[in-house]
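What the coordinates show
So you can see what is in the structure, the chains are spelled out below.
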Amino acid sequence: MRILLTNDDGIYAEGIYALYRELKKIGNVTVVAPDSERSSIGNAITLAHPIWHKKVKREGRIFGTGLSGTPADCVKFAIGVLMKRKPDVVVSGINLGHNDGCSVFYSGTVAGAREGSLMGIPSLAVSLDTFVNPDFSYAAKCAAKITKLIAKGTMPKGTFLNVNVPNKKPSQIKGIKMTRQGLIPIHGTFHKHKDPSSREYYWMAGKMLVKKKDDRVDSNALINNYVTITPIQNDQTDYAFLQKLNSWKL
């Protein structure tokens, strides 16, 4: 099995290395990731300036290719330049921090999987629900297991999986939930500050969700200590409204 591995935290992040160690047990892994952090960059691609690449070593061995571009660039570059054949699976992660709910629209990690899916390749994004003291081991094992399953060709075209894992000991995780995407907006507040020159600036922030009982939604199930797996479609067309829109006779 040929696996393409990317992320948005950068090729030197611990999450991608933990995932690499598990994936190499089940296939041949090609790592192409940003040369520095590209979080919250979404599905951006680089058009206005050149893309640079370099070989990156970890523990004295060639680990992968660091790219000056975005996660979406990494998938395109790997398939268009570096790999002789398309990968069987694209895996993006493990992200430091959750990517549930509306984060799907902003996340570079999710974008890596989406880009693979747009190119007709079974893909998944994996994120760990913490920003402090991460333990990527359980999430990496989950991702490897899911990778083996989707490589069998059971994924519908135009759909990829978004996986979020609690940062808990395996004994504290309640199980796995197949969920739908939450749609509560995030990062809706701005904190005003002043720099040393007394110029005002703002820092965007948001409130954490409170626990809710509806574990059919990814954000709620994740808070309640479930691994969440959400199928995401690339086609965002509202077909029901499209028919009504035709009746407008514009």
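Numbers given for residues are sequential positions, taken from 1 along each chain in its written order. Residue-level local features of this predicted model are given only where pLDDT is at least 70; pairs of side-chain atoms are given and counted only at 80 or more, and the full residue set underlies all totals for whole chains, interfaces and linings. Heavy atoms throughout the structure, all of them, feed into the side-chain values; hydrogens and water do not.

1. Quick look at the pattern of salt bridges
What counts as a salt bridge is simple: a side-chain nitrogen of Lys or Arg found within 4 Å of a carboxyl oxygen of Asp or Glu. Under the defined criterion, the tally for this structure stands at nine salt bridges. Arg38 serves as the salt-bridge partner of Asp35, at 3.0 Å between the closest nitrogen and oxygen. Think of it in three bands: residues with accessible area under 20% of the maximum for their type are buried, residues over 50% are exposed, and the middle band is partly exposed, with areas taken using a 1.4 Å probe on protein chains only. For Arg38, a relative accessible area of 14% puts it in the buried group. A salt bridge links Glu200 to Lys192, with the shortest nitrogen-to-oxygen separation between them at 3.7 Å.

2. Here we look at the packing of helix H1 (residues 14–23) against helix H4 (residues 137–150)
Comment: axis = line fitted to C-alpha atoms, over the contacting stretch for helices; angle = value between 0 and 180 degrees taken between N-to-C directions. Each helix is a run of H or I in the DSSP string that is no shorter than four residues. Each strand is a run of E no shorter than two, and both are numbered from the N terminus. Across the interface, H1 lies against H4 with an axial gap of 9 Å and an inter-helix angle of 45 degrees. Regarding the angle of H1 to H4, the classification is oblique. For the crossing formed where H1 meets H4, the hand is right-handed. Contacts between H1 and H4 involve Ala18, Leu19, Glu22 and Leu23 from the former and Ala140, Lys141, Ala143, Ala144 and Thr147 from the latter. Among the residues making up the contact of H1 with H4, the classes are represented as six nonpolar, one polar and two charged. Should an angle fall under 35 degrees it is taken as roughly parallel, and over 145 as roughly antiparallel, whereas 65 to 115 is taken as roughly perpendicular and any remaining angle as oblique. Working rule for handedness: look at the near helix, and if it is turned counterclockwise from the far one by less than a right angle, call the crossing left-handed; if clockwise, right-handed. What makes two residues a contact is simply this: any of their non-hydrogen atoms within 4.5 Å. Put simply, Ala, Val, Leu, Ile, Met, Phe, Trp, Tyr, Cys and Pro go in the nonpolar bin, Asp, Glu, Lys and Arg in the charged bin, and everything else, Gly too, in the polar bin.

3. Comments concerning helix H6 (residues 239–246)
Where burial is concerned, little of H6 is hidden: zero out of the eight residues are buried. Distance and chemistry together define a polar contact, namely a pair of N or O atoms within 3.5 Å, with one atom able to donate a hydrogen and the other to accept it when in protein, and with adjacent residues in sequence counting only for side-chain atoms on both sides. With a side-chain oxygen positioned 3.3 Å from the backbone nitrogen of Ala240, the residue opening H6 is Asp238.

4. Considering the pairing of strand E3 (residues 53–58)
A pair of strands is treated as paired once DSSP finds two or more bridges between them. Here six bridges tie E3 to strand E4 (residues 61–67), and the two strands are oriented antiparallel to one another. By the bridge assignment, His53 is partnered in E4 with Leu67. Between E3 and E4, which pair antiparallel and follow one another directly, the connecting turn spans two residues, one of which, Glu59, has a positive phi of 55 degrees.

5. Notes on the side chain of Asp218
With respect to the helices, strands and loops of the structure, Asp218 is situated in helix H5 (residues 218–223). Think of it this way: Lys and Arg go in the positive column, Asp and Glu in the negative one, and His and the chain ends go nowhere. Although Asp218 lies buried, it forms no salt bridge, and the closest oppositely charged side chain, Arg180, sits 7.3 Å away as judged by the N-O distance. In contact with Asp218, other than residues within four places in its own chain, are Asp100, Gly101, Thr179, Arg180, Gln181, Gly182, Thr228 and Thr230.

6. Side note on unusual backbone geometry
With glycine set apart, most residues show a phi of negative sign, and most peptide bonds adopt trans. In this chain, Gly93 is followed by Ile94 through a cis amide linkage whose omega measures 0 degrees. Within the secondary structure layout, Ile94 lies in strand E5 (residues 89–96). At Asn133, a residue that is not glycine, the phi angle is positive and equals roughly 50 degrees. For Asn133, the location among the structural elements is in the loop between strand E6 (123–129) and H4. Positive phi values are uncommon outside glycine, yet Ser198 reaches one of about 65 degrees.

7. With respect to the nonpolar core
Core analysis: the largest hydrophobic core is formed by 34 residues, its most contacted members being Leu5, Val91 and Leu124. Where this core is concerned, the elements lending two or more residues are strand E1 (2–6), H1, strand E2 (28–34), E5, E6, H4, strand E7 (159–166) and strand E11 (226–233). Apart from the residues within four sequence positions on either side, Val91 is in contact with Ile3, Leu4, Leu5, Thr6, Leu19, Leu23, Leu124, Val126 and Thr147. Buried Ala, Val, Leu, Ile, Met, Phe, Trp, Tyr and Cys residues form a nonpolar core when they are joined through side-chain atoms within 4.5 Å. Core analysis: the next-biggest nonpolar cluster, separate from the first, contains 11 residues, Leu67, Cys74, Phe77 and Met83 among them.

8. A look at the side chain of Arg114
Checked against the element boundaries, Arg114 lands in helix H3 (residues 108–118). When sequence neighbours within four positions are dropped, the list of residues in contact with Arg114 reads Asn43, Val104, Phe160 and Asn234.

9. Considerations on a nonpolar patch on the surface
A grouping of Tyr239, Phe241, Leu242, Leu245, Trp248 and Leu250 is seen on the molecular surface, where their side chains present a nonpolar patch of about 680 Å² in accessible area. Among the secondary structure elements, Tyr239 is positioned in helix H6. Patch members must show over 30% relative accessible area and no salt bridge, and they are joined within 9 Å when carrying like charges or within 5 Å when they are nonpolar side chains of Val, Leu, Ile, Met, Phe, Trp or Tyr. Each accessible area is a Shrake-Rupley estimate made with a 1.4 Å probe; only the visible protein chains count as cover when residues are assessed.

Shape is all these values report; function is a separate question.
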